[in-house]
Amino acid sequence: MTSREFLAVVREQGEYSDLDEATRATEAVLSTLGDRLQPAAADHLADQLPAEIGEFLTGVGNTGRSWGVEEFLRQVARAAAEDETAARRDAEAVLTALGETVSGGELNRLISQLPSGYAELFGHPELA
């Protein structure tokens, strides 16, 4: 999958007006997710994405924060300079696209490392 194809999936999922809006959402969500994950997990996940998209995950310093879903969404809202309702839409669009892109094993591994509420953001509440 190319970066453009990934962003097209995000655009469709989030019903964004154009790829620029999808790119903005993708960067805000994945950079926040990258900050949330341990460095090795972010690197492994980034390896399964187009390089330009994977850089959003790994270019943030990966501090391995322990945010729950609500704090994660607050951080996405801050990164995107929007409210938490829009941040949830962004997170659901980007993380659902991510879940469709990476292998099933990688998705299961990722979701198992996060608190249960994250599975819904990935479009897989059954994995909680």
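This is a predicted model, so every value here is computed, not measured.

For the chain, the count of helices and strands is 8 helices and 0 strands. For the chain, the sequential pattern of α-helices and β-strands runs α-α-α-α-α-α-α-α. In summary, the chain has a C-alpha radius of gyration of 13 Å against a globular reference of 14 Å for 128 residues, a match within 12%. Residues counted as buried form 48% of the 128 residues belonging to the chain. A sequence separation of at least 24 residues applies to 64% of the contacts in the chain between residues at least 6 apart.

Two side chains of opposite charge can pair, provided their charged atoms sit close to one another. Enumeration over the complete set of coordinates arrives at 8 salt bridges. Here E92 and R88 are joined by a salt bridge, their closest N and O atoms 3.7 Å apart. Placement of the pair is E92 and R88 together in helix α6 (residues 84-101), with a separation of 4 residues, close to one helical turn. The exposure class of R88 is partly exposed, given its relative accessible area of 28%. Because the salt bridges share partners, they merge into one network encompassing E21, R24, E82, R89 and D90.

Its identity is not glycine, yet E15 carries a phi of approximately 55°, on the positive side. As for its placement among the helices and strands, E15 is situated in the loop between α1 (3-14) and α2 (19-36).

Because each turn of an α-helix spans 3.6 residues, side chains separated by three or four positions in sequence point in the same direction. Within the sequence span of helix α3 (residues 39-46), burial applies to A41, A42, L45 and A46. What you see down the axis of α3 is that its buried residues fit within an arc of 130°, all on one side. Packed against the buried residues of α3 are α2, α4 (51-58), α6 and α7 (104-112).

Looking at the secondary structure, you find T26 in helix α2. Look at T26 and you get buried, because its relative accessible area is 0%. If we ignore the near neighbours within four places in the chain, the residues touching T26 are F6, L7, V10, S31, I53, F56 and V94.

Let us look at the confidence of the model for the chain. In low-pLDDT regions, the fine details of the predicted coordinates are not to be read closely. Residues of the chain with pLDDT of at least 70 account for 95%, and the chain-wide mean is 90. Within the chain, the element-level pLDDT minimum falls on α7, averaging 86, and the maximum on α1, averaging 96.

Moving on: the packing of α2 against helix α5 (residues 69-80). Running from N to C, α2 and α5 point in directions that differ by 135°, and their axes come no closer than 9 Å. Relative to α5, the element α2 is oriented oblique. As for the relative orientation of α2 and α5, their crossing is right-handed in sense. Between α2 and α5, the contacting residues are R24, A28, V29, T32 and L33 on the first element and F72, Q75, V76, A79 and A80 on the second. Classifying every residue of the contact of α2 with α5 gives 7 nonpolar, 2 polar and 1 charged.

About the criteria used
- Residues numbered from 1 in each chain as written.
- Predicted model: local features only at pLDDT ≥ 70, side-chain atom pairs only at ≥ 80, totals over all residues.
- Heavy atoms only, no water.
- Helix = DSSP H or I, 4+ residues; strand = E, 2+ residues; numbered from the N terminus.
- Rg over C-alpha atoms; globule rule 2.2 N^0.38 Å.
- Buried < 20%, exposed > 50% of the residue type's maximum accessible area, 1.4 Å probe, protein only.
- Contact = heavy atoms within 4.5 Å.
- Salt bridge = Lys/Arg side-chain N within 4 Å of Asp/Glu carboxyl O.
- Arc of directions from axis to C-beta.
- pLDDT = per-residue confidence, 0-100.
- Axes fitted to C-alpha atoms, helices over the stretch in contact; angles between N-to-C directions.
- Parallel < 35°, antiparallel > 145°, perpendicular 65-115°, else oblique.
- Left-handed = near helix turned anticlockwise from the far one by under 90°.
- Nonpolar A, V, L, I, M, F, W, Y, C, P; charged D, E, K, R; others polar.

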